[in-house]
Each structure stands twice: as structure tokens, then as C-alpha cells.
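Observations on the model geometry
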Amino acid sequence: ITTSPRIAPPLLALLVALTLALTTGCGGLAWVDHGRRRPSGPPANVVYATSRGDVAEVRRLLASGKESLTLTSTGHAALHAAAARGHLEILELLIAAKAPLDQRSSRHELSPLHVALLNGRVEAARRLLKAGASPTLRDKRGRSPLLLASYVGDLRLVKALAAKEPPCAKGWCPLHVAAAAGYGEVLAALLAAKHPVNPKTAKEGWTPLFVAASAGRARLVAALVQAGADVHHATKSGRTALHGAAR
């Protein structure tokens, strides 16, 4: 990950936006995603057993044939829990047991792939894709796997997803994420996949160039300009990339 020696003031709001974009979508997955309010006592069902990483119990429950692998009363399924925790052995057991790969959580419409990416579980995401999980399914907020993978910054995963998803031409796009985070290789991969260089966020009118300049990402600014980024574009508050860089 490329870091910048300074953080421009406008970047504070940008970092908040990045954080909210990732975390507010987890909502009902609090105990699955982050370990809070974790069930106590022995596992009561395959979702709880999965969240605890209890491989033997998951095997026993699957062998009983009585466990549902679809959504439970919590609004999630065992595959969501395995993806969130990165329990790869259990993930493979659930895939082999024909757990639905693209079922979405009740509240935020997150697939197991979304959950894996939101939690930075790169290997879990790869295994879900290999098993046939949809690479283009969007959650309730419209976030695609590619957008979430761009936050993670894993080049191999971004390349795999960029080859399957239509380029993002408007809104908060993977290019914005790469520009903000300083992921030079990810940005180059997205440009190589023909992602438009000048998408604008709906609310602020930020382009990836403005984001990179505001974050002090000189190398990424140069790459975007070379790719044809509009250096004269002004945001809705009237600021250009030069204003962002000067702050």
C-alpha cells in the first residue's frame, strides 16, 4: 500500500466517507462480522457453530441432515458466518453441502462474497468465486464485489472481478477508492480494464483525480493525468484537483 507523508484537510471528510461506506453496510452482521454479541454456550445450530469455528460440530450438524443452510431467524446463513470469520475449512464444507452461494442477508442484502470482502477475507472471497458465486451481485446500497475488493486492495482479486463487471462510469467507483487509498497497481488494473477515468460522485462531484490530489498521491495523480483525467474539472463546491493538492 502506498502511503502519503501528509494528509490534506479535505481528506478527513473523505476518510470518514470511506469508513462509512465499508462499515455501515454490516449492520445486522455485528456478531458475525466483528465478534460482538457472540452467542455464548454450546453451538445451537450450524450458524453458531460456524461463527465459533467449530469444525467438528459443523460436520456433525451437516451429517444430521436436519440443518438448514438458508437464512435463519438472524437474517444470515452459515455461509455468511464462514465468510465473515474466514473459516476456510468450514466454508469448503458448506460449499460441498450445496449451501446457496448467492443468498443475501435479510437486512442489507449482502451475499457471502460481500461479507468476505467487507471483512477483508481475501482467500474466502477467492474460494467463493471459484465455487461459482456471482461476481456482479450488488447489495442493498448498490455496492458490487469489485468496489468492495478495491477497498481491500488485493490486486489479483481486483483483476479477476474487473474482467467480469461492467466499468463504473458514475458515483463512488473503484477508481475513487484506489485513488484515495494509494493503491497504484489497483488503479492501473482498473484503467487497463477500461474503467472511465473521470467518473463523478453524485453528491460532491469528486473525480478520482480530485481524490488523489487531495490525498497527496502524486504518483496516482500522474497516472490519472496520463490516462486522460480532466485537470480542469471543478467539484460542486468549485474546487479543482489543483485546489485539492494545494490544501
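In short, a report on the structure. (Residues numbered from 1 in each chain as written. Predicted model: local features only at pLDDT ≥ 70, side-chain atom pairs only at ≥ 80, totals over all residues. Heavy atoms only, no water.)

1. Details of the state of the cysteines
- All chains considered together, the criterion is met by 1 disulfide.
- Put simply, Cys-168 and Cys-173 are joined by a disulfide, and their sulfur atoms are 2.0 Å apart. For the disulfide bridge between Cys-168 and Cys-173, the dihedral angle about the S-S bond is near -65°, and by the sign convention the bridge is left-handed.
- What makes Cys-168 buried here is its relative accessible area of 15%.
- Note on Cys-173: relative accessible area 1%, which makes it buried. (Disulfide = S-S within 2.5 Å. Buried < 20%, exposed > 50% of the residue type's maximum accessible area, 1.4 Å probe, protein only.)

2. So, the nonpolar core
- Within the largest apolar cluster, 57 residues are counted, with the highest numbers of intra-cluster contacts made by Val-46, Leu-79, Leu-94, Leu-128 and Leu-190.
- Here this core gets 6 residues from one element, more than from any other, and that element is helix α5 (residues 78-85).
- Excluding residues that lie within four positions of it along the chain, Val-46 makes contacts with Val-58, Leu-61, Leu-62, Glu-67, Ser-68, Leu-69, Ala-78 and Leu-94. (Core = buried A, V, L, I, M, F, W, Y, C linked by side-chain atoms within 4.5 Å. Helix = DSSP H or I, 4+ residues; strand = E, 2+ residues; numbered from the N terminus. Contact = heavy atoms within 4.5 Å.)

3. Some remarks on helix α6 (residues 88-96)
- Every buried residue of α6 is listed here: Ile-90, Leu-91, Leu-93, Leu-94 and Ile-95.
- Where α6 terminates, the next one or two residues include Lys-98, which has phi positive at roughly 70°.

4. Considerations on the packing of helix α8 (residues 122-131) against helix α10 (residues 155-162)
- Running from N to C, α8 and α10 point in directions that differ by 30°, and their axes come no closer than 10 Å. The pairing of α8 with α10 is recorded here as roughly parallel in orientation. Judged by the sense of rotation from one axis to the other, the crossing of α8 with α10 is left-handed. Residue-level inspection shows Val-122, Ala-125, Arg-126 and Leu-129 of α8 in contact with α10, the latter providing Arg-156, Leu-157 and Leu-161.
- Broken down by class, the residue content of the contact of α8 with α10 amounts to 5 nonpolar, no polar and 2 charged. (Axes fitted to C-alpha atoms, helices over the stretch in contact; angles between N-to-C directions. Parallel < 35°, antiparallel > 145°, perpendicular 65-115°, else oblique. Left-handed = near helix turned anticlockwise from the far one by under 90°. Nonpolar A, V, L, I, M, F, W, Y, C, P; charged D, E, K, R; others polar.)

5. Description of the environment of Arg-59
- Checked against the element boundaries, Arg-59 lands in helix α4 (residues 55-64).
- Overall, the relative accessible area of 43% leaves Arg-59 in the partly exposed class.
- C-alpha separation for the pair Arg-59 and Val-46, spaced 13 residues apart in sequence, amounts to 9.1 Å.
- Dropping the residues within four chain positions of it, Arg-59 is found in contact with Glu-89 and Leu-93.

6. Thoughts on the pattern of salt bridges
- The final tally for this structure, using the stated rule, is 9 salt bridges.
- Salt-bridge contacts for Arg-59 lead to Glu-89; the nearest nitrogen and oxygen are separated by 3.2 Å. On the criterion of sequence distance, the pair formed by Arg-59 in helix α4 and Glu-89 in helix α6 is long-range, its members being 30 residues apart.
- Residues joined by salt bridges that share partners form a network here, namely Glu-92, Glu-123, Arg-126, Arg-127 and Asp-154. (Salt bridge = Lys/Arg side-chain N within 4 Å of Asp/Glu carboxyl O.)

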